[in-house]
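Observations on chain architecture
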Amino acid sequence: MDQILENYFNLTVMAQAFPDVLRGFLITVQVAACVIVIGVATGLFFALLRATRNRVLSVLVTIYVEVFRTLPQLVIIIFIYFGLPYMGIVFSPFFATSLALAAVLAAFSAEIFWATIMAVPKGQWEAAHALGVSRLVTMRMVILPQAIRLAIPLITNRAIAITKGTALGAAISLPEALGSAQSAMSIHANPSPLTLAAGFYLAFFIPLVWLSRVLEKRFSRSQ
């Protein structure tokens, strides 16, 4: 037991590593915020493109969704950071990680939004059409609010799952929480900084998980 405390809960090492791990954690939060905002907004945009009934746009969005839902997140991060520079496109580790994870979240979000749009009864389309309301206004005022309401619990769960991938940024030297903890572990020859990083992750994700459950219960009751 003493050996476990010494190796994984060494308070002296944790105190020394705390500033670096905290800075890494703040970067993790920033990346997560970028991923959620960009990913969800882009996913909604793609779902709306698919809803235009334009065959070409629908096929392109479907291909995008299938590709980015299938590829591992780490592969996308590495491609953006190491592959795109050969095309003259260079991103920092922060933007490469954010863009990669946002692209994945956008694919899942697009599928979720499309499914919830299709879940709205067709009778509402028909009623709006009978009243002379245009398709665009019907989508914006009638269909979309209901679809978003249905999608929120699913989007929240998926966003949490994907934002955990911020730790993969360590593969391209992003100084996020895990990467900072690994550096501190090497310096101090003690894995206690990893325990500290785990504590930060728990402090960040547990409230999000709780929020997702609250939203899921709330919207399931309202339905």
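Definitions and cut-offs
- Residues numbered from 1 in each chain as written.
- Predicted model: local features only at pLDDT ≥ 70, side-chain atom pairs only at ≥ 80, totals over all residues.
- Heavy atoms only, no water.
- Helix = DSSP H or I, 4+ residues; strand = E, 2+ residues; numbered from the N terminus.
- Buried < 20%, exposed > 50% of the residue type's maximum accessible area, 1.4 Å probe, protein only.
- Contact = heavy atoms within 4.5 Å.
- Areas by Shrake-Rupley, 256 points an atom, 1.4 Å probe, with all protein chains shown as cover.
- Lys, Arg positive; Asp, Glu negative; His and termini not counted.
- Charge placed at Lys NZ, Arg CZ, Asp CG, Glu CD.
- Salt bridge = Lys/Arg side-chain N within 4 Å of Asp/Glu carboxyl O.
- Patch = residues over 30% accessible without salt bridge, like charges linked within 9 Å, V, L, I, M, F, W, Y side chains within 5 Å.
- Expected span 1.5 Å × (residues − 1).
- Polar contact = N/O pair within 3.5 Å; in protein donor to acceptor, adjacent residues only side chain to side chain.
- Arc of directions from axis to C-beta.
- UniProt positions renumbered as here; feature names shortened; annotations may be inferred.

As for the overall build of the protein chain
- Of the regular secondary structure elements, the protein chain holds nine helices and zero strands.
- Traced from its N-terminal end to its C-terminal end, the protein chain shows the element sequence α-α-α-α-α-α-α-α-α.
- For the C-alpha atoms alone, the extent of the protein chain along its principal axes is close to 75 × 50 × 25 Å.
- Out of the 223 residues in the protein chain, the part that is buried amounts to 39%.
- Taking contacts inside the protein chain between residues at least 6 apart in sequence as the whole, the part at least 24 apart equals 79%.
- When the accessible surface of the protein chain is split by element, carbon and sulfur atoms take 69% of a total near 12,600 Å².
- Each charge class in the protein chain can be summarised by its mean position, and for the 15 positive and 8 negative side chains these summaries are 18 Å apart.

Focus on the pattern of salt bridges
- For the structure shown, the criterion picks out three salt bridges.
- Note that Arg23 and Asp20 form a salt bridge whose closest N and O atoms lie 2.1 Å from each other. Note that Arg23 and Asp20 are positioned in helix H2 (residues 11–50) at a spacing of three residues, about one turn of the helix.
- Taking relative accessible area as the criterion, Asp20 reaches 35% and is therefore assigned partly exposed.
- Between Arg69 and Glu111 there is a salt bridge whose closest N-O contact spans 3.9 Å.

Brief notes about a nonpolar patch on the surface
- Together, Val59, Ile63, Val67, Leu71 and Val75 make up an exposed nonpolar region whose accessible area comes to about 380 Å².
- Considering the arrangement of structural elements, one finds Ile63 in helix H3 (residues 55–70).
- Residue Ile63 is classed as partly exposed on the basis of its relative accessible area, which comes to 48%.

Describing helix H8 (residues 177–188)
- The end-to-end C-alpha separation of H8 is 16 Å, in line with the 16 Å expected for 12 residues at 1.5 Å each.
- Restricting attention to buried positions, one finds in H8 the residues Ala177, Gly179, Ser180, Ala181 and Ala184.
- Here H8 starts with a cap whose side-chain oxygen sits 2.9 Å from the backbone nitrogen of Leu178, and that cap is Glu176.
- In the stretch just after H8, Ala189 is the one whose phi turns positive, near 50°.

Regarding helix H4 (residues 73–83)
- Along H4, the positions that sit buried rather than exposed are Ile76, Ile77 and Ile80. Each buried residue of H4 sits inside an arc of 100° when the element is viewed along its axis, so together they form one side.
- Those residues of H4 hidden inside the fold are in contact with H3 and helix H5 (93–119).

Digging into the UniProt feature "domain: ABC transmembrane type-1" (unreviewed entry) in the protein chain
- As annotated by UniProt and renumbered to match this structure, "domain: ABC transmembrane type-1" (unreviewed entry) occupies residues 25–215.
- A distance of 26 Å separates the end C-alpha atoms of residues 25–215, which is 81% helix and 0% strand.

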